[in-house]
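Geometric and topological summary
What follows is each chain in one-letter form.
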Amino acid sequence: MSSENKKEMLLVGFLQASNCSNYTGSWRHPETDSNFLDLAFYQNIATTLERGKFHLAFIDDRLAMPSRFGNTHKDAVELGIRAVKLDVVPIITAMGLATSNLGLGATYSTTYYSPFHVARLFASIDHFTQGRSAWNVVTSLNDSEAQNFGVSEHLAHDARYDSADEFMSVVCSLWDSWEHGAMVADKDSGQFADSTKVHRIDHSGPYFQSQGAFTVPHTPQGHPVIIQAGQSERGRKFAARWGELLFVIYPTADGCRAYRQNLRQQNEELGRDPDSVKVAPAVYVVVGESEEIAQEKLAFINSLANQTDSLVLLSEVFNYDFAQHPTHEPLSDEILESMTGLRGFLDRVIELSGTKNPSVDDFIRCSGRGTLSELPVFTGTPQQIADQMESWFLTESCDGFVLAATHMPGTYVDFVEMVVPELQHRGLFRKDYVSGTLRENLGMPNL
Ligand SMILES: Cc1cc2nc3c(=O)[nH]c(=O)nc-3n(C[C@H](O)[C@H](O)[C@H](O)COP(=O)(O)O)c2cc1C
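Reading the values: the criteria
Residues numbered from 1 in each chain as written. Predicted model: local features only at pLDDT ≥ 70, side-chain atom pairs only at ≥ 80, totals over all residues. Near = placed C-beta within 6 Å. Helix = DSSP H or I, 4+ residues; strand = E, 2+ residues; numbered from the N terminus. Nonpolar A, V, L, I, M, F, W, Y, C, P; charged D, E, K, R; others polar. Domains from an automatic or database assignment. Contact = placed C-beta atoms within 7 Å. Buried ≥ 20, exposed ≤ 12 C-beta atoms within 10 Å, placed from the backbone. Pairing = 2+ DSSP bridges. Right-handed = clockwise from strand over helix to strand, strands pointing away. Expected span 1.5 Å × (residues − 1). pLDDT = per-residue confidence, 0-100. Core = buried A, V, L, I, M, F, W, Y, C linked by C-beta atoms within 7 Å.

Turning next to the site of the ligand. Inspection of the region around the ligand gives 22 residues, with D60, A229, G230, S232 and G235 positioned closest. Where the shell around the ligand is concerned, the elements lending two or more residues are β4 (133-138), β10 (245-248) and α12 (343-353). Split by residue class, the shell around the ligand holds nine nonpolar, nine polar and four charged. Each of domain 1 (10-303 + 376-441) and domain 2 (306-370) contributes no fewer than three residues to the shell around the ligand.

The next subject is unusual backbone geometry. Residue G212 is joined to A213 through a cis peptide bond whose omega torsion reads -5°. Tracing the sequence through the fold places A213 in the loop between β8 (209-212) and β9 (225-228). The residue after M408, namely P409, is reached through a cis peptide bond having omega -5°. With respect to the helices, strands and loops of the structure, P409 is situated in the loop between β13 (400-404) and α15 (410-425). With a phi angle near 55°, N319 is a residue other than glycine that sits in the positive phi range. Position of N319 among the secondary structure elements: in the loop between α10 (307-318) and α11 (333-338).

Here we come to the environment of L394. Looking at where L394 falls in the secondary structure, it is placed in helix α14 (residues 382-394). In this structure, the C-alpha to C-alpha distance between L394 and Q295, residues 99 residues apart in sequence, is 26 Å.

Each assigned domain of the protein chain is listed with its residue range as follows: domain 1 (10-303 + 376-441) and domain 2 (306-370). Here the C-alpha centroids of domain 1 and domain 2 sit 26 Å apart. If you look at the interface, domain 1 gives 18 residues, while domain 2 gives 18 residues. Counting residues per element, the side of domain 1 that touches domain 2 draws most heavily on helix α2 (residues 74-79), which supplies three residues. Of the residues in the side of domain 1 that touches domain 2, the class split is six nonpolar, nine polar and three charged.

Taking every second residue as pointing to the same face, both faces of β10 are buried, with L245 and F247 on one and L246 and V248 on the other. With two bridges joining them, β9 and β10 adopt parallel strand pairing. Paired with I227 across the two strands is L245, which belongs to β10. Crossover β9 to β10 through helix α7 (residues 233-242) is right-handed. Where β10 and strand β11 (residues 278-287) come together, four bridges link them in parallel fashion. Of the residues in β11, the one forming a bridge with L246 is V279. Note on the crossover from β10 through helix α8 (residues 253-269) to β11: the handedness is right-handed.

A word on α10. For α10, built from twelve residues, the straight-helix expectation of 16 Å at 1.5 Å per residue is met to within 8% by its first-to-last C-alpha distance of 16 Å. Taken as a whole, α10 has its buried residues at D309, S310, L311, V312, L313, L314, S315, E316, V317 and F318. Each element contacted by the buried residues of α10 is listed here: α2, α12 and α13 (360-367). Trailing α10 by a residue or two, N319 shows a phi angle of about 55°, which is positive.

A few words now on the confidence of the model for the protein chain. Per-residue confidence for the protein chain averages 95 on the pLDDT scale, and 99% of its residues sit at or above 70. Within the model, pLDDT remains below 50 along residues 1-5, and this stretch shows six contacts once partners closer than five positions in the same chain are excluded.

Ranked by internal contacts, the top residues of the largest apolar core, which has 104 residues, are V12, A57, V285, L403 and A404. Those residues in contact with A404, other than ones at most four positions away along the chain, are F14, S21, N22, Y23, A282, V283, Y284 and L375. With 21 residues, the next largest nonpolar core counts L79, F318, F322 and I364 among its residues.

This is the structure:
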């Protein structure tokens, strides 16, 4: 089938600057490269993704190691449960040096960093990578992160998004502070830049003050691409306003389609072109030369998980210590209301468990936290994987996928060597980059 005139899917690598991937058991996989403290580890993944013509690699972040479970970091450290989190910016910079076309996304928090700092970091990277930067805007998750930044409690959920709205306005104003063509750099006349085209922003709001002018000239993309993954009602409102690539988690294509339709409607109400916003669910892919080989690989990867991984990650994500309860007893309304972490996730546990007061066991089973079943798992031959991806994509449930790793770099090597050619053959995925910035590769204009 020809790829002419056909919509093609977006592919994103979901990376962690950590000892493990999104799947904690990944570090125990015999084929996982343990060299995560070496930049070559990330550069190797970047060149693999670029070989597969991926749109971008994106690195998540958390500003604390998990330490809510039993009020200690012991389990996280002993079992390697996201115990390491390196700063993501040096890593995407190194990945940019090893590649020429791959987009480079990194996560930075609007709750614990300042707008000027974040605007400057991402603008600098946009210059260094000739317009390939993207920022995953998060509001952060829990008290452990707050306590690493000298704050006793994490700001309340909706207030985090109010503050993030203002953060985004400041950052965008800073990025626009230098007009196109402001920098002249004319050695003969001695004029470096046209001061009538470089503006102060003089922002003063409830959460932030920033004067400007900005210290980084207009970047190749104008604004780095904005990634967002808010899933609560307030988070979706934020995502609909600012997000360009929206990463989501849905167990089924139907759920993802409903989300996408709702988002497109919100985009229209905000005067944004819905086609300029792309939705990509996170998935695992386990591919084998035969179905049997793929199933064997999957069973082995599943065997790397353990229950403590789940409990530690549940405590982290819900900002609540699950060690306080016998695992089979229902949790009271009061306890559920006190959980300040991911609200959409809590709703899902309640829905899937069929009770409004799930037990700890229900949380483990229905959340899939710490196991592969936290995300959809596409398993099988390259053709079977392509069938599953195609069915989500062609039913307009999504615009592409964020590929999480079961082991590194094997997940990406297998996918690039086996699945990408099949997607290309079906005309579902492009055969090459267009020259230019990440925005141009996403079919979006530079700003
Ligand atoms: C694919 C994906 C990646 C995410 N990456 C991060 C991350 O790196 N850091 C973080 O603090 N939150 C991350 N989140 C959490 C979201 O930013 C958001 O807080 C979450 O989906 C819950 O939505 P809510 O904030 O609207 O309640 C991620 C979510 C998804 C679906």
